[in-house]
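Structural overview for review
Listed below are the residues making up each chain.
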Amino acid sequence: EAGVAQSPRYKIIEKRQSVAFWCNPISGHATLYWYQQILGQGPKLLIQFQNNGVVDDSQLPKDRFSAERLKGVDSTLKIQPAKLEDSAVYLCASSYRPGTAAGLQETQYFGPGTRLLVL
Amino acid sequence: TQLLEQSPQFLSIQEGENLTVYCNSSSVFSSLQWYRQEPGEGPVLLVTVVTGGEVKKLKRLTFQFGDARKDSSLHITAAQPGDTGLYLCAGALMNTGFQKLVFGTGTRLLVSP
């Protein structure tokens, strides 16, 4: 079974430029997550999708970050314009269980991440 | 806001030594997961503990969930170089019926031969 795919793996841009990341989750996984992992820290959830709907985007800096999952499969995360502090690894994850009150043991499968450096 | 604090942040030991990593919070979680992340890769789930006081063993790794479901520990016996990596705990919170993971600050482990 193929894992979570992400591209590009690395990206270097200058501040104020735009950048987009792509994620293709494991086939059949209804839930998709985008995380930001700054060097030396644990991942921080940016946005969570259930099929093509947003479940949680409370920590997404909406003035510059946007994400979509139009057909409920793959997803893109965009930053416009980028700031120096956006330098981080952007991780995509997916899970099979749709997320219910009884979903205590939901397993998230992570992609390899996109490493972004903003100069 | 980081809800989960891990200690120590860094650990460098020799092969064969034992170690314990702690994950502490003031919040109650429905479950607690431990991940290991290697350079250039995403985190990989090691174990999920659900019940307060639960202990799970995975070969040389022992995971414990605190009685109040606010903290957890990971103990590695006779560490090997292959155990090197970033260890992350993650607490599960329920948000409008959906599970949300809050990750800890991470513990970077280096095991030297």
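Residues numbered from 1 in each chain as written. Chains lettered and ligands numbered in written order. Predicted model: local features only at pLDDT ≥ 70, side-chain atom pairs only at ≥ 80, totals over all residues. Heavy atoms only, no water.

We now examine unusual backbone geometry. When glycine is set aside, most residues are seen to have a negative phi, and most peptide bonds are trans. Residue and element names in this part refer to chain A. Cis geometry is adopted by the peptide bond preceding Pro-81, which originates at Gln-80 and carries an omega value of -5°. Inspection of the secondary structure assignment puts Pro-81 in the loop between strand 8 (75-79) and strand 9 (88-95). For Arg-16, which is not glycine, the phi dihedral falls at a positive 80°. Mapping Arg-16 onto the fold places it in the loop between strand 2 (10-13) and strand 3 (19-24). Phi is positive for Asn-51, which is not a glycine, with a value near 55°. Of note, Asn-51 is situated in the loop between strand 5 (44-50) and strand 6 (53-56). (Helix = DSSP H or I, 4+ residues; strand = E, 2+ residues; numbered from the N terminus.)

A few words now on the nonpolar core. Residues and elements named next belong to chain A. Formed by 21 residues in total, the largest nonpolar core has its most connected members in Phe-21, Trp-34, Leu-77, Ile-79, Tyr-90 and Leu-116. Mapped by element, the contributors of at least two residues to this core are strand 3, strand 4 (31-37), strand 5, strand 8, strand 9 and strand 11 (114-118). Contact partners of Leu-116, with chain neighbours within four places excluded, come to Lys-11, Ile-13, Val-19, Phe-21, Ile-79, Asp-86, Ser-87, Ala-88 and Tyr-90. (Core = buried A, V, L, I, M, F, W, Y, C linked by side-chain atoms within 4.5 Å. Buried < 20%, exposed > 50% of the residue type's maximum accessible area, 1.4 Å probe, protein only. Contact = heavy atoms within 4.5 Å.)

On to the layout of surface pockets, then. If you add up the space inside the largest pocket, you get close to 330 Å³. Forming the boundary of the largest pocket are 18 residues, of which A:Gln37, A:Leu39, A:Val89, A:Arg115 and B:Arg108 lie nearest the centre. At the level of secondary structure, the elements contributing two or more residues to the lining of the largest pocket comprise strand 9 and strand 11 of chain A. Residues belonging to the lining of the largest pocket are distributed by class as follows: 8 nonpolar, 6 polar and 4 charged. (1 Å grid on protein atoms, 1.4 Å probe; cavity = no way out; pocket = protein on both sides within 12 Å on 5 of 7 lines; lining within 4 Å. Points joined across faces, edges and corners; volume = space filled by probe spheres on them. Nonpolar A, V, L, I, M, F, W, Y, C, P; charged D, E, K, R; others polar.)

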